[in-house]
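Listed below, chain by chain, are the residues.
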Amino acid sequence: MPEGDSVFRAAAQLHAALAGQQLISSDFRVPRFATLKLGGWTVTEVVPRGKHLLMRLEGPARQRGGIPAEPDRLTIHSHLKMEGTWQVYPPGGRWRKPGFTARCVLRTATADAVGFSLGILEVVRSSEEDSIVGHLGPDLLGPDWDLAEAERRIRAAPDVPIGVALLDQRNLAGIGNIYRCEACFLSGVHPAAPVSAVPDVAAIITDAKLLLEANLGAGRRTTVLNQRGVAVGRTSGLPGYWVYRREHQPCLKCRTPVRRGVLTKATGTGTGTGTEERDIYFCPTCQPLPGAGGSAG
């Protein structure tokens, strides 16, 4: 699933291509919005909210009783989930993805924006955005970032594994599995350790934010930074990650083979409850699990 930095870059690309541009046509390839046509609407901005993309539009000017009225405002909300992506092409440009995976096509005089395999695609009134993203915690890459509030939300459930708490977007928005594993490693904390056993939750969150910010530019993602916080990773001959997807490979700090484990979290509410399993990667020496002698996982 794309992480906060990927969504941030996607929003920046879409904003640069579409903001201030009037749509020539729109094509929503999902049943609920298949008949919705937004030709003539103007894209005002594209902003990220955690792992969500919000594309805000303003309708054509209108009048009521001869008096200019406030234009209508809509928001195209999308979530990439596991396989989604937005791509920008010159008008009429050849797509790099199969046409049958396109879920939304927006055309302007200067660019075509196409959303492929989007996990969520819906259109809401901009005044109702809170109904879709209002539950999210502080955004690590957003203007609402609040470290103290994010830590408070995580510590409110002391028995939850820290690795589960970090992925809960209601606590803080933008962390995915890569940054969860890497931030826990940098703090020497096992992802399965309960929040109550983590001495410095704020440090893990701060590291995650630093890693996200270091990867906002072009190039392949890396979480191996130098002392100035600059990504070096692959450019220095080192692996791109400390532990993520490095099972059986030597830890970059102590040379112990990195291990892979699984964390399970509950999903849904009421009769729709279930569980979701996600891989974790950790060094059993640098990140001992409390009460397990460092051998758990």
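Quick look at the structure, then. Note that this is a predicted model, so its numbers are computed, not measured. (Residues numbered from 1 in each chain as written. Predicted model: local features only at pLDDT ≥ 70, side-chain atom pairs only at ≥ 80, totals over all residues. Heavy atoms only, no water.)

## Examining helix 5 (residues 177-186)
Thought 1: A large share of helix 5 lies buried, amounting to nine of its ten residues.
Thought 2: Among all positions in helix 5, only Asn 177, Ile 178, Tyr 179, Arg 180, Cys 181, Glu 182, Ala 183, Cys 184 and Phe 185 are buried.
Thought 3: One or two residues past the end of helix 5 sits Gly 188, with phi positive at roughly 70°. (Buried < 20%, exposed > 50% of the residue type's maximum accessible area, 1.4 Å probe, protein only. Helix = DSSP H or I, 4+ residues; strand = E, 2+ residues; numbered from the N terminus.)

## Section: the sheet that holds strand 1 (residues 25-28)
The strands that make up a sheet are held in pairs by hydrogen bonds between backbone atoms, and each pair lies either parallel or antiparallel.
Thought 1: Taking strand neighbours across the sheet as the criterion, the four strands line up as 1-8-9-7 in an open arrangement whose pairing is antiparallel. Strands at the two margins of the open sheet, each flanked by one partner only, are strand 1 and strand 7 (85-89). The mean angle between the axes of side-by-side strands here comes to 15°, regardless of whether they run parallel or antiparallel.
Thought 2: Here strand 8 (residues 102-107) pairs with strand 9 (residues 112-116) via five bridges, running antiparallel. Residue pairing for strand 9: Ala 102 is matched across the bridge by Phe 116.
Thought 3: The strands touched by helix 1 (residues 4-18) are strand 7 and strand 9; relative to strand 7, the strand with the most contacts, the crossing angle is about 30°. (Pairing = 2+ DSSP bridges. Axes fitted to C-alpha atoms, helices over the stretch in contact; angles between N-to-C directions. Contact = heavy atoms within 4.5 Å.)

## Things to note about the packing of aromatic side chains
Thought 1: Following the criterion strictly, the structure yields five aromatic pairs and no others.
Thought 2: An angle of 85° between the planes, with centres 5.4 Å apart, marks the rings of Tyr 241 and Tyr 244 as edge-to-face. Each of the two residues, Tyr 241 as well as Tyr 244, counts as buried.
Thought 3: On the basis of relative accessibility, which here comes to 11%, the residue Tyr 244 falls in the buried class.
Thought 4: Among the aromatic residues, those joined into a cluster by ring pairs are Tyr 241, Tyr 244 and Tyr 281.
Thought 5: Sitting over the ring of Trp 242, Lys 253 keeps its end group 5.7 Å from the ring centre. (Phe/Tyr/Trp six-rings, centres within 6.5 Å; stacked < 30°, edge-to-face > 60°. Lys NZ or Arg CZ within 6 Å of the ring centre and 35° of its normal.)

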